[in-house]
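# Notes for the structure review
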Amino acid sequence: MHFDRPIDRKGTSSLKWDWFKEDVLPLWVADMDFAAPEAVTTALTRRAGHPVYGYTLPSDALYEAVQGHIKRQFGWTVEREWVLFIPGVVTGFNVAARLVGETEAIAVPTPAYPPFLSAAKNARRQMVKVHLPVEDGRLVINREVLEAQVTPETKLLMLCTPYNPGGTLLTQEELTGLVDFCEARDILICSDEIHADLVLDEKGKHIPTASLSEKAAARTITLMAPSKTFNIPGLGCSMAIISDEKLRTRFKAAMEGIVPHVNLMGYEGATAAYIHGGPWLKEVLAYLRANRDYAFERLAAMKGLTPLLPEATYLIWMDARDLGLDNPATFFEEHGVGLSDGAYFDAPGWLRLNFACTRALLKEALDRMEKALAGAE
Ligand SMILES: Cc1ncc(COP(=O)(O)O)c(C=O)c1O
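Every chain is numbered independently, its residues counted from 1 as its sequence is written. Per-residue local features of the predicted model are confined to residues with pLDDT of at least 70, and side-chain atom pairs are confined, for both listing and counting, to 80 or more; whole-chain, interface and lining totals are unaffected and use all residues. Only hydrogens and water are set aside; all other atoms, that is, all heavy atoms of the structure, feed into the side-chain values.

Let us now look at the overall build of the chain. Going along the chain from the N terminus, every DSSP run of H or I of four or more residues is numbered as a helix, and every run of E of two or more is numbered as a strand. Helices and strands together make up the secondary structure of the chain, namely 13 helices and 15 strands. For the radius of gyration, the atoms used are the C-alpha atoms, and the globule rule reads 2.2 Å times the number of residues raised to 0.38. Relative to the compact-globule value of 21 Å for 377 residues, the chain shows a C-alpha radius of gyration of 20 Å, a close match. Principal-axis analysis of the C-alpha atoms places the extent of the chain at approximately 60 × 55 × 40 Å. When each of the 377 residues of the chain is scored for burial, the buried share is 57%. Partitioning the intrachain contacts of the chain with sequence separation of at least 6 by distance along the chain shows that 74% fall at a separation of at least 24. Note on areas: these come from Shrake-Rupley sampling with a 1.4 Å probe, and a residue is covered only by the protein chains present in the view. A total of about 16700 Å² of accessible surface is found on the chain, and carbon and sulfur atoms cover 51% of it. None of His or the chain ends enter the tally, which takes Lys and Arg as positive and Asp and Glu as negative. To locate a charge, take NZ of a lysine, CZ of an arginine, CG of an aspartate or CD of a glutamate. On the chain, the mean spot of the 39 positive side-chain charges and the mean spot of the 49 negative ones are 3 Å from each other. Residue burial is assigned from relative accessible area. The probe radius is 1.4 Å, only protein chains are included, and a residue is buried under 20% of its type maximum, exposed over 50%, and partly exposed in between. It only takes one pair of heavy atoms within 4.5 Å for two residues to be counted as in contact.

The next thing to look at is the packing of aromatic side chains. Between two aromatic rings, the relevant description is the distance of the centres plus the angle of the planes. Side-chain rings of Phe, Tyr and Trp, where Trp is taken by its six-membered ring, are said to pair if the distance between their centres is within 6.5 Å; with planes under 30 degrees apart they count as stacked, over 60 as edge-to-face, and otherwise as tilted. Here the structure, examined in full by the defined rule, presents 15 aromatic pairs. When the centroid spacing of 5.9 Å and the interplanar angle of 80° are considered together, the rings of Phe-3 and Trp-280 count as edge-to-face. With a gap of 277 residues between them, Phe-3 in the segment before helix H1 (15-18) and Trp-280 in helix H11 (residues 278-300) connect regions that are remote in the sequence. Trp-280 sits in the buried class, given a relative accessible area of 9%. Where Tyr-113 meets Phe-116, the ring centres are 6.0 Å apart and the plane angle is 85°; that geometry is what we call edge-to-face. Every member of this aromatic cluster is reached through a ring pair, and the members are Phe-3, Phe-34, Phe-230, Tyr-274, Trp-280 and Tyr-287. Across the ring face of Tyr-294, the terminal group of Arg-359 is positioned such that the distance to the ring centre comes to 4.4 Å. Throughout this description, the term charge over a ring refers to an Arg CZ or Lys NZ atom that lies within 6 Å of the ring centre and within 35 degrees of the ring normal.

The element helix H4 (residues 89-97) is largely enclosed, with a buried count of 7 among its 9 residues. Val-89, Gly-92, Phe-93, Asn-94, Val-95, Ala-96 and Ala-97 are the residues of H4 that are buried.

Here we come to the nonpolar core. Nonpolar core, defined: a set of buried Ala, Val, Leu, Ile, Met, Phe, Trp, Tyr and Cys residues in which side-chain atoms within 4.5 Å join the residues together. Counting residues in hydrophobic clusters, the biggest one holds 74 residues, and the most contacted among them are Phe-85, Leu-288, Phe-332, Leu-353 and Met-369. Per-element tally for this core: the top contributor is H11, with 8 residues. The contacts of Leu-288, once residues within four sequence positions are left out, are Met-32, Phe-34, Leu-198, Leu-200, Tyr-314, Phe-355 and Ala-356. Of all hydrophobic cores here, the second largest spans 59 residues; its members include Leu-99, Ala-120, Leu-170 and Leu-178.

Moving on, we come to the pattern of salt bridges. Salt bridges are defined by distance alone: a side-chain nitrogen of Lys or Arg within 4 Å of a carboxyl oxygen of Asp or Glu. A complete count under the given rule lists 21 salt bridges for this structure. Taking the shortest distance from any N to any O, the salt bridge between Glu-22 and Lys-10 comes out at 3.9 Å. One end of the pair, Glu-22, is in the loop between H1 and strand E1 (25-26); the other, Lys-10, is in the segment before H1, and 12 residues separate them in sequence. Lys-10 sits in the partly exposed class, given a relative accessible area of 37%. Lys-215 serves as the salt-bridge partner of Asp-180, at 3.0 Å between the closest nitrogen and oxygen. Of the two residues, Asp-180 sits in helix H7 (residues 172-185) while Lys-215 sits in helix H8 (residues 214-218), which places them 35 residues apart along the sequence. The partly exposed category is assigned to Lys-215, whose relative accessible area is 37%. Where salt bridges share partners, they join Arg-9, Lys-16, Asp-31 and Asp-33 into one cluster.

Only protein atoms enter the calculation, which uses a 1 Å grid: trapped sets of points that fit a 1.4 Å probe without letting it out are cavities, open sets showing protein on both sides within 12 Å along at least five of seven lines are pockets, and any residue with an atom within 4 Å of a point is a lining residue. Grid points are joined across faces, edges and corners, and a volume is the space filled by probe spheres set on the points. Roughly 350 Å³ of internal volume is contained in the second largest pocket. Taken together, 17 residues make up the lining of the second largest pocket; nearest its centre are Phe-85, Met-255, Pro-260, His-261 and Tyr-267. Contributing elements (two or more residues each) for the lining of the second largest pocket: strand E2 (83-86) and helix H9 (245-255).

What follows covers the domain arrangement of the chain. Under the domain assignment, the chain is made up of domain 1 (2-37 + 278-376) and domain 2 (54-276). On the domain 2 side, the residues contacting the 31 residues of domain 1 number 35 residues. Here domain 1 packs against domain 2, burying approximately 2700 Å² in sum over the two surfaces, 61% of which is carbon and sulfur. For the salt bridge of Lys-129 with Asp-346, the shortest nitrogen-to-oxygen distance reads 3.2 Å. Start and end points for every domain follow an automatic or database-based domain assignment. Accessible area, probed at 1.4 Å, shrinks when two parts are joined; the buried area is that loss added up over both.

Moving on, we come to the pairing of strand E4 (residues 126-131). Summarising the sheet, strand E3 (residues 105-110) and E4 pair through 6 bridges and their orientation is parallel. Within the sheet, the bridge partner assigned to Thr-110 lies in E4 and is His-131. Handedness is read with the strands pointing away from the viewer; a crossover is right-handed when the path from the first strand over the helix to the second is clockwise. As a crossover connection, the stretch from E3 through helix H5 (residues 114-122) into E4 is right-handed. Strands qualify as paired when DSSP identifies two bridges or more between them.

Close to the ligand lie Ala-30, Gly-88, Val-89, Val-90, Tyr-113, Cys-160, Asn-164, Asp-192, Ile-194, His-195, Lys-228 and Ser-238. Identification of polar contacts relies on pairs of N or O atoms within 3.5 Å, with a donor-acceptor requirement for protein atoms, meaning one able to donate a hydrogen and the other able to accept it, and with residues adjacent in sequence counted only if both atoms are side-chain atoms. At 2.8 Å, a backbone N or O of Val-89 approaches an oxygen atom of the ligand. Contact between the ligand and Lys-228: an oxygen atom at 2.8 Å from a side-chain N or O atom of the residue. Calculation on the ligand without its partners gives an accessible area of 400 Å², and the protein chains cover 87% of this total. When residues are sorted by character, Ala, Val, Leu, Ile, Met, Phe, Trp, Tyr, Cys and Pro go into the nonpolar class, Asp, Glu, Lys and Arg into the charged class, and all the rest, Gly among them, into the polar class. Taken together, the residues that form the shell around the ligand break down as 6 nonpolar, 4 polar and 2 charged. Any residue with a non-hydrogen atom lying within 4 Å of a molecule or strand is treated as near it.

Next up on the list: unusual backbone geometry. Going from Thr-161 to Pro-162, the amide bond is cis rather than trans, its omega being -5°. Across the junction of Asn-164 and Pro-165, the peptide omega takes the value 5°, indicating a cis bond. Within the fold, Pro-165 resides in the loop between strand E7 (154-160) and H7. Of note in the backbone geometry, Asn-231 takes a positive phi value of approximately 55° without being a glycine. As for its position among the elements, Asn-231 is in the loop between strand E9 (220-224) and strand E10 (238-241). In this structure Asn-231 comes out as buried when scored by relative accessible area, which is 11%. A positive phi is found at Thr-313, a non-glycine position, where the angle reads about 75°. Within the element layout of this structure, Thr-313 appears in the loop between strand E11 (306-307) and strand E12 (315-319).

Structure (structure tokens):
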């Protein structure tokens, strides 16, 4: 399997690989250690061969590739004018936060991918945290959870589906309940679906929030990207998809003057990935599924760790509070494994492990964790 072949990322200024000390295995920030689809490299090389790197528009081919991908993957028909290209999904939800009125609030489910926790503050709006319970080993976001915690001032819900961290794949029933709730309270939904293509549960499927119904579409800003799917996050090309014209106009106005164009390599990479990346995606999902099962089994066997089995994403979220350590992330880092610290997700004592690496590296990291825990007993 070619994903077994290690690629040395040192010397590429990789955030993932340069963050920790040299001898720490980095299983944290959400990118994969795998080469992107070959068609992406070919497209970038070809474009680099033309020496004028001027302002660039998204091409017809890119719009068609995006529409085709979304239709194939999720059965959702997206019109060309609904699609706005933006340099990042984080940019997208920070723009969405600016649509909220001065006296209104933004609901942010927790634990949260850290940039969600600063979006309200960045927009100088109030944040209402919605604590998500774990039920049957699954982080749950549904109508009941929102009803119990969302305040009357709330006018925007920051949804993340599939959910990071935890990897929950929302069911049709859960999504319908969420949308009904938001409809009843006139709450906009910013639906971050960056992990939509990374469904690991073979029986599960991702449902774009806006594809549920007309009323869902009318209040939803969908954020998608090829970045996680095809491992090209450094290229910075994402989309906000908004079918409601008034909402789209408001979103565009909030972007005005502060959101830069997507760079030309981002457009090139996205086009090639969406057109040619299908077979690569299938293969990488098979590799990720096997890594997930392997890592989950080993983590579940480690005393003091309670991992959740992700239905989607390449990230395992685990409760490490039973270890009784001040900071489990620091503990494992000192023993050679770099994980994401749950404290940054508003969940101290939890950890997130990225298993999108070679099986050999994953095995070595899990061996180190096991050894560290045996030594701490
Ligand atoms: C849920 C979620 N949203 C957004 C991002 C980052 O998006 P971007 O790099 O396009 O800003 C990530 C990356 O890990 C993520 O997990």
